[in-house]
Amino acid sequence: MRRLALAVAVLAGGAAVTFWWLTRPEPLDAATLEALAALEADPARGEAVFWASGCAACHVEPEAEDADRPVLSGGQRFETAFGAFIAPNISPDTDHGIGGWTRAEFANAMLRGISPSGQHYYPAFPYSAYIRAKLQDVADLHAFIETLPESNMPNAAHDLGFPFTLRRGLGLWKRLYLTDDWVMEEVPTPELERGRYLVEALSHCAECHTPRDRLGGLNTAAWMEGGPNPSGRGRIPDITPDELGWSAEEIALYLDSGFTPHFDVAGGTMAAVVRAMARLEAEDRAAIAAYLRALD
Amino acid sequence: MSLRRPLFATTLGLVTFATAALADTDPAVEARQSQFKLFAHNLAVLGPMVQGQMEYDAEAAQTAADNLFHLTRHDQGRMWPEGTDNASIDGTRALPAIWEDLDDFAAKFGALQAAAENLQGVAGDGMDALRPAVGQLGGACAACHDDYRSER
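Keep in mind that what you see is a predicted model, and the values were worked out from it rather than measured.

Observations regarding the packing of aromatic side chains
Residues and elements named next belong to chain B.
Thought 1: All told, the structure shown has 15 aromatic pairs over all chains when counted by the stated rule.
Thought 2: Residues W80 and F105 carry aromatic rings whose centres are separated by 4.9 Å and whose planes lie at 75 degrees to one another, so their mutual orientation is edge-to-face. Here W80 is found in the loop between α3 (58-71) and α4 (97-100), whereas its partner F105 is found in helix α5 (residues 102-122), with 25 residues between them in sequence. Pair check on accessibility: W80 and F105 agree, each one buried.
Thought 3: The rings of F36, F39, W80, W99, F105 and Y148 are connected pair by pair, giving a single aromatic cluster.

Right, here's the structure in full:
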């Protein structure tokens, strides 16, 4: 009887250790951090990365007006199947924002979804797209965000149900879904390569336009095919070429002006996305359009 | 009395059912959707000009802007009856939020009217005047779609 109890205890202990091992945060390795530290960061280049990455769309206050230099005080609420996530303050305020962060801490957040204190972030923060971002872009983005206005808005807690309140389990989610592989494997032209970088890494289009499975991972077999809107009624549109039916030129014009080919005007969450996309170079909007047209 | 009450309830139920079933042809909903189609019909002249897809034509721009000015003067009073939101009926993307804050909804329509008036004033004055005015109009559309229209 005592041996049985001991065996159960050993097995349970073994399971706990295995869980602990599998769910451990895995930050950037030393060589990557060294390469990152050696980079010269340019906030002007970072501004372009900022708009391409759509940071403001989620991290400004709920009713914030469009601004050249947005205040990233957080507070917007995102309803999902797992509960509601509240976007945090990522302004350069040292108490409530990310003002005290090192470049390495910023990169671990962006590229690995790990906080400075070593906790997993929830993938509502699209690090599963940003993982494909170039180190130079991450360094530049960090430099730009440091120039933005500070906000002393305190962070609100996410509104999640058990067991999603336990961040440690996200280590398993990352094992399943966090990959820096590209979804579009072949990019025969520089424009397509740029488009892929923007769509799959920085602009994280798939986060909304690709349906998710029951564990909240992207169903890459239905890449950009849209699906039910997790945050309300209606559907996120399918933007594959046959379903969308827009030419590359029409897509690029839409991302610039918000006008669809039928001269409807973007609304909802896409309106904020378009406002950011309108600030990109025209070549970048054309590259995104080329990528979307190349999906099969 | 005791007979008529269930009959009344049944009739009321049928009426409610019929109303719900026919709701996608609610004349008020049709009217407001037609109005938005007419907005788009005129934006289809101005949009391509500012996008560089169509050469600037002062007369065509002015005509479209005049139309938008007059279209946005149409009184909205009977176009938005209670119960014509997308939670109550099919065939509309109008969010219940409209009726939760009618003052703000009206203010946003007012911003559209102001943008259309500004546009009417400058549409014939060349591309440099047209571009920001169309931008302002598009911004007024988007501001309302942001809060009061559901995703498709």
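With respect to the pairing of strand β2 (residues 83-86) of chain A
Residues and elements named next belong to chain A.
Thought 1: Here four bridges tie strand β1 (residues 77-80) to β2, and the two strands are oriented antiparallel to one another. Directly across from R77, in β2, lies its bridge partner I86.
Thought 2: Counting the residues between successive antiparallel strands, the hairpin from β1 to β2 contains two residues.
Thought 3: Sheet analysis places β2 next to strand β3 (residues 159-160), joined by two bridges and oriented antiparallel. Paired with G83 across the strands is L160, a residue of β3.

A short note on the nonpolar core
Thought 1: Residues F50(A), L72(A), F106(A), L141(A), M224(A), I288(A) and Y291(A) are the most contacted members of the largest nonpolar core, which totals 67 residues.
Thought 2: The dominant element in this core, judged by the number of residues it contributes, is helix α9 (residues 190-202) of chain A, at six residues.
Thought 3: Two domains each provide a minimum of three residues to this core, namely domain 1 (26-180) and domain 2 (183-296) of chain A.
Thought 4: Discounting residues that sit within four places of it in the chain, F106(A) has contacts with I98(A), W101(A), V138(A), L141(A), H142(A) and I145(A).
Thought 5: In terms of nonpolar packing, the next biggest core, distinct from the first, is built from 28 residues, A40(B), M49(B), A61(B) and A140(B) among them.

As for the environment of A289(A)
Residue and element names in this part refer to chain A.
Thought 1: Mapped onto the elements, A289 comes out in helix α14 (residues 282-294).
Thought 2: Sequence separation between A289 and R103 is 186 residues, and the spatial gap between their C-alpha atoms is 32 Å.
Thought 3: Aside from chain neighbours lying at most four places away, what touches A289 is A248, I251 and A252.

Remarks on empty space enclosed by the protein
A water-sized probe, rolled over the atoms, reveals where empty space remains.
All names here are of chain A.
Thought 1: Throughout the structure, instances matching the rule amount to two cavities of 30 Å³ or more.
Thought 2: Reported here for the largest cavity is a volume of approximately 40 Å³.
Thought 3: At the level of secondary structure, the elements contributing two or more residues to the lining of the largest cavity comprise α9 and α10 (206-209).
Thought 4: Grouping the constituent residues of the lining of the largest cavity by class yields six nonpolar, one polar and three charged.

Regarding the interface of chain A and chain B
Thought 1: If you look at the interface, chain A gives 19 residues, while chain B gives 21 residues.
Thought 2: Carbon and sulfur atoms supply 49% of the area buried between chain A and chain B, which totals about 1600 Å² over both sides.
Thought 3: Our enumeration of links across chain A and chain B arrives at two salt bridges.
Thought 4: A salt bridge links D146(B) to R275(A), with the nearest nitrogen and oxygen atoms 3.9 Å apart.
Thought 5: Joining chain A to chain B, the criterion identifies four residue pairs in polar contact (both at pLDDT 80 or more).
Thought 6: At the level of elements, α12 (248-257) and α13 (268-277) of chain A are the ones that each hand at least two residues to the side of chain A that touches chain B.

Concerning the side chain of K174(A)
All names here are of chain A.
Thought 1: Within the element layout of this structure, K174 appears in helix α8 (residues 170-177).
Thought 2: As a buried residue without a salt bridge, K174 has its nearest oppositely charged side chain in E26, at a separation of 8.7 Å.
Thought 3: Setting aside its immediate chain neighbours within four residues, K174 contacts R112, G113, I114, H120, Y121 and Y127.

Here's the deal with the sheet that holds β2(A)
Thought 1: On the basis of which strands lie adjacent, the open sheet formed by three strands has the order β1-β2-β3 (chain A) and antiparallel pairing. Edge strands, defined here as strands with exactly one partner in the open sheet, are β1 and β3 of chain A.

Examining a negative patch on the surface
Thought 1: On the surface, a cluster of negative charge is made up of D180(A), D181(A), E185(A) and E186(A).
Thought 2: Its location among the elements puts D181(A) in the loop between α8 and α9.

The rules behind these values
Residues numbered from 1 in each chain as written. Chains lettered and ligands numbered in written order. Predicted model: local features only at pLDDT ≥ 70, side-chain atom pairs only at ≥ 80, totals over all residues. Heavy atoms only, no water. Phe/Tyr/Trp six-rings, centres within 6.5 Å; stacked < 30°, edge-to-face > 60°. Helix = DSSP H or I, 4+ residues; strand = E, 2+ residues; numbered from the N terminus. Buried < 20%, exposed > 50% of the residue type's maximum accessible area, 1.4 Å probe, protein only. Pairing = 2+ DSSP bridges. Core = buried A, V, L, I, M, F, W, Y, C linked by side-chain atoms within 4.5 Å. Domains from an automatic or database assignment. Contact = heavy atoms within 4.5 Å. 1 Å grid on protein atoms, 1.4 Å probe; cavity = no way out; pocket = protein on both sides within 12 Å on 5 of 7 lines; lining within 4 Å. Points joined across faces, edges and corners; volume = space filled by probe spheres on them. Nonpolar A, V, L, I, M, F, W, Y, C, P; charged D, E, K, R; others polar. Buried area = accessible area lost by both parts, 1.4 Å probe. Salt bridge = Lys/Arg side-chain N within 4 Å of Asp/Glu carboxyl O. Polar contact = N/O pair within 3.5 Å; in protein donor to acceptor, adjacent residues only side chain to side chain. Lys, Arg positive; Asp, Glu negative; His and termini not counted. Patch = residues over 30% accessible without salt bridge, like charges linked within 9 Å, V, L, I, M, F, W, Y side chains within 5 Å. Areas by Shrake-Rupley, 256 points an atom, 1.4 Å probe, with all protein chains shown as cover. Charge placed at Lys NZ, Arg CZ, Asp CG, Glu CD.

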